[in-house]
Amino acid sequence: YYAPVSYLILDKECYIINVNKAGSTHLRVNKSDLIGSHFSQYIDSEVYQTQFYKFRTEIIETGKSGQLEAKIKRGDGSSFFALVDSAVIKDDNGNFKYFFLTLGDITDQKKQEQKIASALLRAKELNEMKSQFITIASHEFRTPLATILSSAELMAKYSSKEDVDKREKHLRKISTSVHRLNEILM
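Here the structure is a predicted model, which means the values were calculated and not measured.

### Here's the deal with the pairing of strand 1 (residues 6-10)
- Of all five residues making up strand 1, five are buried, and the element is well covered by its neighbours.
- Of the two faces of strand 1, the one lined by Ser 6, Leu 8 and Leu 10 and the one lined by Tyr 7 and Ile 9 are each fully buried.
- Note: strand 1 against strand 5 (residues 96-105), five bridges, orientation antiparallel. If you follow Leu 10 over to strand 5, its bridge partner there is Phe 99.
- Summarising the sheet, strand 1 and strand 2 (residues 16-19) pair through three bridges and their orientation is antiparallel. Looking across to strand 2, one finds that Leu 10 is bridged to Ile 16.
- What sits between the antiparallel neighbours strand 1 and strand 2 is a turn of five residues, in which Cys 14 has the positive phi angle 80 degrees.

This is the structure:
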């Protein structure tokens, strides 16, 4: 009764048969009010209730212990995330008799998991933005660099005095392209 871990004993239909002081304190409900009540009324939503009933059925069918994460609501209306450990208590003939549930508060762990998931999502978004930036930047740099390269190659071909106008035209293209690159970088 005075174990530091919250535990409940349930029958096959999930009515609470017994609960220790820690369980009563954790659920913020008097022991006398818990006894005889259905455990599902302390499961926060239909989603978690459905998961619990699947879990319950599997444990009855296999007779094996199991764990389930569920959101549990307290008598005062607050809630917490719990790791529900379940074991089967069998009678002398090896048949199902009771569920033995322990409730561990994992609310802080769930909050940390949510923070990590948010951070991972943000990192993924930043990585995608970085990839998009690199794609755009490389595209934006190709045109001016191609212009600079072709103009420089053509200038090398114009070595006579008659080609001064052509060289100046290509020098202007190089200058314009360099200014464009500087604008992109700013």
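There is more to say, and it comes next.
### Considerations on the sheet that holds strand 2
- Strand order in the open sheet formed by five strands is 2-1-5-4-3, and the pairing between neighbours is antiparallel. Taken across any chain shown, the strands that pair with only one partner, and hence form the sheet edges, are strand 2 and strand 3 (66-73). Geometrically, the sheet is characterised by an average inter-axis angle of 30 degrees between neighbouring strands, direction not taken into account.
- Helix 3 (residues 46-62) rests against strand 1, strand 3, strand 4 (79-90) and strand 5 of the sheet, and its axis sits at about 150 degrees to strand 3.

### Thoughts on the side chain of Asp 11
- Tracing the backbone shows Asp 11 in the loop between strand 1 and strand 2.
- Separated by 3.0 Å, the side chain of Asp 11 and the backbone nitrogen of Glu 13 make a polar contact.
- Every residue in contact with Asp 11, bar those within four places of it in the chain, is listed here: Ile 17, Phe 96, Tyr 98 and Phe 99.

### Let's talk about a positive patch on the surface
- Side chains of Lys 166, Lys 169, Arg 172 and Lys 173 sit close together on the surface and give a patch of like positive charge.
- Tracing the backbone through its elements, the reader meets Lys 166 in helix 5 (residues 164-185).
- On the basis of relative accessible area, Lys 166 is assigned to the partly exposed category, the value being 42%.

### Quick notes on helix 4 (residues 107-157)
- Between its first and last C-alpha atoms helix 4 spans 74 Å; for 51 residues at 1.5 Å apiece the expected length is 75 Å, and the two agree.
- Its maximal kink placed at Arg 142, helix 4 deviates by approximately 25 degrees, while the proline Pro 144 follows within four residues.

### Quick look at the pattern of salt bridges
- On inspection of all chains with the given rule, the structure shows five salt bridges.
- A salt bridge links Asp 76 to Arg 28, with the shortest nitrogen-to-oxygen separation between them at 2.9 Å. Remark: Arg 28 occurs in the loop between helix 1 (21-27) and helix 2 (31-34) and Asp 76 occurs in the loop between strand 3 and strand 4; sequence separation between them is 48 residues.
- When its relative accessible area of 48% is taken as the criterion, Asp 76 is described as partly exposed.
- Among the ionic pairs, Asp 105 bridges to Arg 74, the shortest N-O distance being 3.8 Å. Taken as a pair, Asp 105 in strand 5 and Arg 74 in the loop between strand 3 and strand 4 lie far apart in primary sequence, 31 residues in all.
- Taking relative accessible area as the criterion, Asp 105 reaches 41% and is therefore assigned partly exposed.
- Looking at Arg 74, the relative accessible area reads 13%, which means it is buried.

Reading the values: the criteria
Residues numbered from 1 in each chain as written. Predicted model: local features only at pLDDT ≥ 70, side-chain atom pairs only at ≥ 80, totals over all residues. Heavy atoms only, no water. Buried < 20%, exposed > 50% of the residue type's maximum accessible area, 1.4 Å probe, protein only. Helix = DSSP H or I, 4+ residues; strand = E, 2+ residues; numbered from the N terminus. Pairing = 2+ DSSP bridges. Axes fitted to C-alpha atoms, helices over the stretch in contact; angles between N-to-C directions. Contact = heavy atoms within 4.5 Å. Polar contact = N/O pair within 3.5 Å; in protein donor to acceptor, adjacent residues only side chain to side chain. Patch = residues over 30% accessible without salt bridge, like charges linked within 9 Å, V, L, I, M, F, W, Y side chains within 5 Å. Areas by Shrake-Rupley, 256 points an atom, 1.4 Å probe, with all protein chains shown as cover. Salt bridge = Lys/Arg side-chain N within 4 Å of Asp/Glu carboxyl O. Lys, Arg positive; Asp, Glu negative; His and termini not counted. Charge placed at Lys NZ, Arg CZ, Asp CG, Glu CD. Expected span 1.5 Å × (residues − 1). Bend = angle between axes of the 7 residues up to and from the residue.

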